[in-house]
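This is what each chain is made of:
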Amino acid sequence: MTTFYHFTNARVLFLWVLVSAVCVWGRPATFVQDFRVAWADSHITQIDQGRAIQLKLDQNSGCGFASKAKYMFGRVSMKIKLVPGDSAGTVTAFYLNSDTDNVRDELDFEFLGNRTGQPYTVQTNVFAHGKGDREQRVNLWFDPSADFHTYSIMWNHRHIVFYVDDFPIRVYKNNERRGVPYPKMQAMGVYSTLWEADDWATRGGLEKIDWSKAPFYAYYKDFDIEGCAVPGPANCASNPRNWWEGAEYQALNAIEARRYRWVRMNHVIYDYCRDKSRYPLTPPECLAGI
Ligand SMILES: *[C@@H]1O[C@H](CO)[C@@H](O)[C@H](O)[C@H]1NC(C)=O
């Protein structure tokens, strides 16, 4: 009897390990395992044996990279060290995108540079079924060019959370039952770019990029994608046992909720939800308590 049980347990364990290995993407060690250069090869340099990369922006070009696969649900995170000093007019972005023109789903982190000593702004946006225009802006409470910080996007059936280190800075809940579109039908790729956007990025385009400070550099490391790769097993994305669908990821925990309130109270500098000139009628996803 005992032997039989052991055998069964071992077999179940083996199957479980096999299934998880096939379904769920692990933690990649190097850039090339999961990513490819998508824009300007000459401006992206692998460092530390491919465990980190450097992105360069100069007057010739910006640059960017993309994941090789697309993913359905999960968590994507990376450590980024942003352009230091006078970074006004530069934008570093980290985002998920379905790449489907009219019905695009997209989750954006955009880091807007600033003049020396002035705070970086993080803009987030959520596109669902082709509609975006949901910008929020937060001033960072530390200098993101002094050291690496972790930026992550958590995406499950219940909500999407943008994190700066362990601080949630934005939550977009699944409010489909109230008619609010939610990204859940399309896989998304992971992208990052460094480019010049001095027509809008810093103080609405008033602050121009200072090319005498070029080239500008941003650094990335500790790439971590955990999600259902597409193409992959069809049932992976709907598997309630994926860790990111677990009970503890269905809502912010008490510590996260406190940190989120602190960010909302002290660091939000723009929120489309409160922009009456753009939205005379409050968008439904912004209504209190939702
Ligand atoms: C840059 O600094 C100014 C002054 O502190 C601030 O108003 C602005 O929000 C900062 N960020 C951007 C992207 O302009």
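Here is what the cut-offs are and how they apply
- Residues numbered from 1 in each chain as written.
- Predicted model: local features only at pLDDT ≥ 70, side-chain atom pairs only at ≥ 80, totals over all residues.
- Heavy atoms only, no water.
- UniProt positions renumbered as here; feature names shortened; annotations may be inferred.
- Pairing = 2+ DSSP bridges.
- Helix = DSSP H or I, 4+ residues; strand = E, 2+ residues; numbered from the N terminus.
- Axes fitted to C-alpha atoms, helices over the stretch in contact; angles between N-to-C directions.
- Contact = heavy atoms within 4.5 Å.
- Polar contact = N/O pair within 3.5 Å; in protein donor to acceptor, adjacent residues only side chain to side chain.

The protein chain has the name Xyloglucan endotransglucosylase/hydrolase in an unreviewed UniProt entry, where Phaseolus vulgaris is given as its organism. Under the UniProt heading Function (unreviewed entry), the entry covering the protein chain gives this text: "Catalyzes xyloglucan endohydrolysis (XEH) and/or endotransglycosylation (XET). Cleaves and religates xyloglucan polymers, an essential constituent of the primary cell wall, and thereby participates in cell wall construction of growing tissues." In its Sequence similarities (unreviewed entry) section, UniProt records this for the protein chain: "Belongs to the glycosyl hydrolase 16 family."

Here seven strands make up an open sheet; going across it, the order is β2-β3-β14-β5-β10-β11-β12 and the pairing antiparallel. Each edge of the open sheet is held by one strand with a lone partner, namely β2 (44-47) and β12 (167-173). With direction set aside, neighbouring strand axes in the sheet form an average angle of 20°. Note: strand β5 (residues 70-81) against strand β14 (residues 216-230), 10 bridges, orientation antiparallel. Following the sheet pairing, isoleucine 80 is matched in β14 by tyrosine 220. This element, helix α3 (residues 254-266), spans β11 (159-164) and β12 of the sheet and lies at about 95° to β12.

Overall, antiparallel pairing links the eight strands, which are arranged β1-β4-β13-β6-β7-β8-β9-β15 in an open sheet. With partners counted over all chains shown, the strands left at the sheet margins are β1 (35-39) and β15 (268-271), one partner each. Averaged over all pairs of adjacent strands, the angle between their axes in this sheet comes to 15°, without regard to strand direction. With seven bridges joining them, strand β7 (residues 106-112) and strand β8 (residues 121-127) adopt antiparallel strand pairing. Among the inter-strand pairings, aspartate 108 is bridged to a residue of β8, identified as asparagine 125. Of the strands in this sheet, β9 (136-139) and β15 are in contact with α3, which crosses β15 at around 80°.

Our next topic: the UniProt feature "active site" (unreviewed entry) in the protein chain. Mapped onto the present numbering, the UniProt feature "active site" (unreviewed entry) falls at Glu106 and Glu110. Relative to the helices and strands, glutamate 106 is located in strand β7. Glutamate 106 has contacts with Tyr95, Leu96, Asn97, Asn125, Val126, Phe127 and Met188, leaving out every residue within four places of it along the chain. Engagement of the side chain of glutamate 106 in a polar contact is seen with the side chain of arginine 104, the distance being 2.2 Å. Here glutamate 110 shows up in strand β7. Each residue touching glutamate 110, except ones within four places of it in the same chain, is listed here: Val91, Thr92, Ala93, Thr121, Val122, Gln123, Trp195 and Trp200.

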